[in-house]
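Analysis of the macromolecular model
Residues per chain, in single letters:
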Amino acid sequence: MGLWSLHDKGLNGNRLLVSTPEADIAYGVVTLTNGPQVKATTVTLPGTTYRAWTAPIPNGQTITVDQYDTHHYRLTHDTNWR
């Protein structure tokens, strides 16, 4: 999982969270510090075995990231993102 931006590390600018999940991860949910959630479904990129999900992170937001299986059971919970 990585947090990508055109800016240096930190809260400046819009960012993109990209996850390359384990096989049992069906989707991810990113919770922003101001409350809204972004849900992103895991997809396999056409012509590859590469699986990923991605979510936009607005300027100035810290996030919590949860990943779920197809039965909506939370498999991971990560609060270490800025």
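Please refer to the structure placed before this passage.
1. Focus: the nonpolar core
The biggest cluster of nonpolar side chains holds 12 residues, and these are Leu 3, Leu 17, Ile 25, Val 30, Leu 32, Ala 40, Trp 53, Ala 55, Ile 57, Ile 63, Val 65 and Trp 81. Only strand E3 (27-32), strand E6 (51-57) and strand E7 (63-68) provide two or more residues apiece to this core. Per-element accounting of this core gives the leading share, three residues, to E6. With sequence-adjacent residues up to four places away left out, Trp 81 is seen in contact with Met 1, Gly 2, Leu 3, Leu 17, Thr 62, Ile 63 and Val 65.

2. Side note on the sheet that holds strand E5 (residues 43-44)
Sheet architecture is open: four strands sit in the order E1-E2-E6-E5, paired in antiparallel fashion. For this open sheet the edge positions go to strand E1 (2-5) and E5, each flanked by a neighbour on one side alone. Across five bridges, the pairing between strand E2 (residues 15-19) and E6 is antiparallel. Residue Val 18 lies in a different strand from E6, and its bridge partner there is Thr 54.

What counts, and at which threshold
Residues numbered from 1 in each chain as written. Predicted model: local features only at pLDDT ≥ 70, side-chain atom pairs only at ≥ 80, totals over all residues. Heavy atoms only, no water. Core = buried A, V, L, I, M, F, W, Y, C linked by side-chain atoms within 4.5 Å. Buried < 20%, exposed > 50% of the residue type's maximum accessible area, 1.4 Å probe, protein only. Helix = DSSP H or I, 4+ residues; strand = E, 2+ residues; numbered from the N terminus. Contact = heavy atoms within 4.5 Å. Pairing = 2+ DSSP bridges.

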